[in-house]
Amino acid sequence: AQSVTQLGSHVSVSEGALVLLRCNYSSSVPPYLFWYVQYPNQGLQLLLKYTTGATLVKGINGFEAEFKKSETSFHLTKPSAHMSDAAEYFCAVSPGGSYIPTFGRGTSLIVHP
Amino acid sequence: GAGVSQTPSNKVTEKGKYVELRCDPISGHTALYWYRQSLGQGPEFLIYFQGTGAADDSGLPNDRFFAVRPEGSVSTLKIQRTERGDSAVYLCASSYRANTEAFFGQGTRLTVV
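Rules used in this analysis
- Residues numbered from 1 in each chain as written.
- Chains lettered and ligands numbered in written order.
- Predicted model: local features only at pLDDT ≥ 70, side-chain atom pairs only at ≥ 80, totals over all residues.
- Heavy atoms only, no water.
- Phe/Tyr/Trp six-rings, centres within 6.5 Å; stacked < 30°, edge-to-face > 60°.
- Helix = DSSP H or I, 4+ residues; strand = E, 2+ residues; numbered from the N terminus.
- Disulfide = S-S within 2.5 Å.
- Buried < 20%, exposed > 50% of the residue type's maximum accessible area, 1.4 Å probe, protein only.

**Structural notes on the packing of aromatic side chains**
Here comes step 1: Per the counting criterion, the structure on display carries twelve aromatic pairs over all chains.
Here comes step 2: Joined through ring pairs, the aromatic side chains of A:Phe34, A:Tyr36, A:Phe90, A:Phe103, B:Tyr35, B:Phe45 and B:Phe104 make up one cluster.

Here it is as C-alpha cells:
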C-alpha cells in the first residue's frame, strides 16, 4: 500500500523567495513519485515525476524535486517564487511501474508581492 | 479535442436521484481513470479502464457507483441514489497506454442537495 503526507496545508512566501513544499511517502515497493499542480478552475497538471535513475528531477516552470529514499521524501523546490506560482500542489505516489497515483491532501501555495 | 473533456462542468441534483458524468478522453488514449476530489482533500482513485474493461475498480466506494466504457473511448460514471456525501469534484484522466503519463480533465463538480 502507498500513502503520502504533505506537511502544511498552506505555505506562504514572498515573490522572489525560495519555495519548499514538503512530501513524505510510504510505499511497500519501490515507488514512482509525482508532483501535480492545480490552478484555479483548471485540471491537474503534471509538474514532474521520478521513476528510476537520477534522483534529482527537474520539471516545468523551474520546479525540481529530489527523491531521498533514506528519508522517504520527495520535496518540491523552486529558487524564486513568481506570483503565477500560486496554486494547489499535490504530491503523489504509485507502485513502481504504475501510473495510478495515490495523492496527498495538497498544499496551497500563496505568493505575496 | 486536444485535452480530456468532462461534461457537465457542474451538476446539482437532489438526494436520491441518479446522475451520469461523462468523460471524453484524448483521442487514441487506451487507459482511462476516474478520481473523486472532496473539499480539502487530494484526488481519490475510483476506477481504471484499459480499453473497454475495468482493470481496477477497487476504489469505487459502494455498489451505488458504476462506470462503463463500452467502445473504449468515452466513459460514463453513474451514481445511483445519490447522497449528500457524494458531493465532490469528479476527475477523469486518460493516458496513451497503461504506465504512461495521465492527463486530467477539469472535472465535474457534483453537488447533492
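**Here's the deal with unusual backbone geometry**
When glycine is set aside, most residues are seen to have a negative phi, and most peptide bonds are trans.
Here comes step 1: Here the bond from B:Thr7 into B:Pro8 is cis, since omega is -10 degrees, no more than 30 degrees from zero.
Here comes step 2: In this model, A:Thr72 sits at a positive phi of 45 degrees, which is unusual for a non-glycine residue.
Here comes step 3: For A:Thr72, the location among the structural elements is in the loop between β7 (64–68) and β8 (73–78).
Here comes step 4: A positive phi angle is found at B:Arg81, which is not glycine, with a value near 45 degrees.

**Remarks on the state of the cysteines**
Here comes step 1: Tallied over the entire structure, the rule returns two disulfides over all chains.
Here comes step 2: The disulfide that involves A:Cys23 links it to A:Cys91, with 1.9 Å between the sulfurs. Classification of the bridge connecting A:Cys23 and A:Cys91 rests on its S-S torsion, roughly -65 degrees, and on that basis the disulfide is left-handed. Taken together, the residues span a long stretch of sequence, with A:Cys23 in strand β3 (residues 19–27) and A:Cys91 in strand β9 (residues 87–95) at a distance of 68 residues.
Here comes step 3: Two residues share a disulfide in this structure: B:Cys23 and B:Cys92, whose sulfurs sit 1.9 Å from each other. Sign of the S-S torsion, about -70 degrees for the bond between B:Cys23 and B:Cys92, identifies this disulfide as left-handed. Of this pair, B:Cys23 sits in strand β3 (residues 19–24) while B:Cys92 sits in strand β9 (residues 88–95); the two residues are 69 residues apart in sequence, bridging distant segments of the chain. For the residue pair B:Cys23 and B:Cys92, the accessibility class agrees, reading buried in each case.

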